[in-house]
Amino acid sequence: MRCQRTAVVAYNLYMRARVRLEEEKRMDRLFSRACILCLGRLQARQMSRRVPKPGKPPNLPLAKTKRYRVMHIPWQDPAEVKEMLWRRHVYNCAVKSIREYYRQCIAGKQTESLASASYHDEIEQEFKMLLEENDALNKKQADKREAESVEKRRRMEEEIVAMVEKHVQQSSVELEKREKEVLEWIERSKDFVTLDNMDEMIERALESPVDFNFAMDVHGRMFKGKPLVKYNTENLLLTKPVSEETVARIPFGRLKDLSDESTQQTLTN
């Protein structure tokens, strides 16, 4: 598709150039040499024309600040002015002559090329050469795009492999961390209270009471209150009232032993 588009563009350019040449030839036949000289003189006169500076429109009155202003034109030597006018006239004549010379040369070459029989062959050869050059350029661009696509694919594969390796590494680190946490919780679960070791844990708590009611100073020293008692008779809830002898023995013995003794006394009675 790109080659066809280039061929169409080249053919359109060729047709435009051919039409332009025919129009110039027709204009040369219409206008005489006198008309061409007149146009050249007008063009030479307009060579020194400059674009006017932007200002206010001429229909507006003169400003009050500029009403009494006097323009002082810088002084120039008359000899210098005369010399510059002469040089300007010579320059304009030289430029006009050069333009006319090149115009005649181009017109003569165009007439000779159009009159020659090999003109169309040269155009066809030039068109074929342009097509070949276009094909070579398209092939070069295609190879370049293919190399870029291969390089891009290789970079994408490397990035994907790096991402996968990073993910695997992070997963392994996370797995090790979770395994360590599981092992720690398994080790801690030995001290958990369950239905099987509930009595043992209760006895352990009663045998080793911990008092968190203490004070600390700014140096980190701990000040505890009264020494702890194994069993607090005020908070000990019993289903049946006990005798004074049992109450006196509660702080010095175990609850299990007391319950066993009370059971034996009940059986003996």
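Conventions and cut-offs
The numbering scheme is per chain: residues are counted from 1 as the chain's sequence reads. Only residues with pLDDT of at least 70 get local features here, since the model is predicted, and only at 80 or more are side-chain atom pairs given and counted; chain-wide, interface and lining totals rely on the full set of residues. Side-chain measures were taken over the full set of non-hydrogen atoms in the model, leaving aside hydrogen atoms and water. Helical segments are the DSSP runs of H or I of at least four residues, strand segments are the runs of E of at least two, and each set is numbered from the N terminus. Here, two residues are considered to be in contact whenever any of their heavy atoms come within 4.5 Å of each other. Only the protein chains shown count as cover for residues, and the accessible areas themselves come from Shrake-Rupley with a 1.4 Å probe. UniProt positions are given in the numbering used here, feature names are shortened, and annotations may be inferred rather than shown by experiment. Grouping into patches uses exposed residues only, defined as over 30% relative accessible area, and leaves out salt-bridged ones; the cut-off is 9 Å for like charges and 5 Å for nonpolar side chains (Val, Leu, Ile, Met, Phe, Trp, Tyr). Counted as salt bridges are all cases of a side-chain nitrogen of Lys or Arg within 4 Å of a carboxyl oxygen of Asp or Glu. Only protein chains enter the calculation, and the probe is 1.4 Å; a residue is then buried if its accessible area is under 20% of its type maximum, exposed if over 50%, and partly exposed in between. Every residue gets a pLDDT, meaning the predictor's confidence in that residue, from 0 to 100. The pairing test for Phe, Tyr and Trp rings, Trp by its six-membered ring, is centres within 6.5 Å, and the orientation test on the planes gives stacked under 30 degrees, edge-to-face over 60, and tilted for anything in between. Any Lys NZ or Arg CZ that is within 6 Å of a ring centre and within 35 degrees of that ring's normal is treated as a charge sitting over the ring. Charge counting follows a simple rule: Lys and Arg are positive, Asp and Glu are negative, and His as well as the terminal groups are ignored. Taken as the charge centre is NZ of Lys, CZ of Arg, CG of Asp or CD of Glu, depending on the residue.

Topic: the overall build of the protein chain
Per the secondary structure count, the protein chain includes seven helices and two strands. Mapped in sequence order, the helices and strands of the protein chain form the string α-α-α-α-α-β-β-α-α. A separation of at least 24 residues holds for 53% of the contacts in the protein chain among residues at least 6 apart in sequence. Accessible area of the protein chain: about 25,400 Å², with a carbon and sulfur share of 59%.

Observations regarding the UniProt feature "coiled-coil region" (unreviewed entry) in the protein chain
Look at the UniProt record and you will see "coiled-coil region" (unreviewed entry) annotated at residues 120-159. In residues 120-159, the share of helix is 100% and the share of strand is 0%. The end C-alpha atoms are 58 Å apart.

A word on a nonpolar patch on the surface
Among the surface-exposed residues, V210, F212, F214, M216 and M222 lie close enough to one another that they form a single nonpolar patch of about 560 Å² accessible area. Here M216 is to be found in strand β1 (residues 214-216). Residue classification places M216 among the exposed residues on the basis of a relative accessible area of 52%.

A look at the confidence of the model for the protein chain
For the protein chain, the mean per-residue pLDDT works out to 75, and 61% of the residues sit at or above 70. Contacts of residues 252-256 to residues separated by more than four positions or lying in other chains number five contacts, the stretch itself having pLDDT below 50.

Remarks on the packing of aromatic side chains
Inspection of the entire model under this criterion finds one aromatic pair. In this arrangement the basic side chain of R188 is found over the ring face of W185, its NZ or CZ atom lying 4.9 Å from the centre.

Description of the pattern of salt bridges
Across all of its chains, the model carries 10 salt bridges by this definition. In this structure, E83 and R87 form a salt bridge, with 3.2 Å as the shortest nitrogen-oxygen distance. Of the two residues, E83 and R87 are both situated in helix α3 (residues 78-115); the distance of four residues between them amounts to about one turn of the helix. Overall, the relative accessible area of 35% leaves E83 in the partly exposed class. Taking the relative accessible area as the measure of exposure, R87 reaches 48% and is therefore partly exposed. A salt bridge links E181 to R178; the shortest N-O distance between them is 3.1 Å. With E181 and R178 both in helix α4 (residues 119-188) and three residues apart, the pair spans about one turn of that helix. The class for R178 is partly exposed, based on a relative accessible area of 42%. Three or more residues are tied together by salt bridges with common partners; here these are E151, R154, R155 and E158.

Observations concerning a negative patch on the surface
On the surface, D121, E122, E124 and E126 cluster together into a patch of negative charge. Considering the arrangement of structural elements, one finds D121 in helix α4. Under the relative-accessibility criterion, D121 is labelled partly exposed at 42%.

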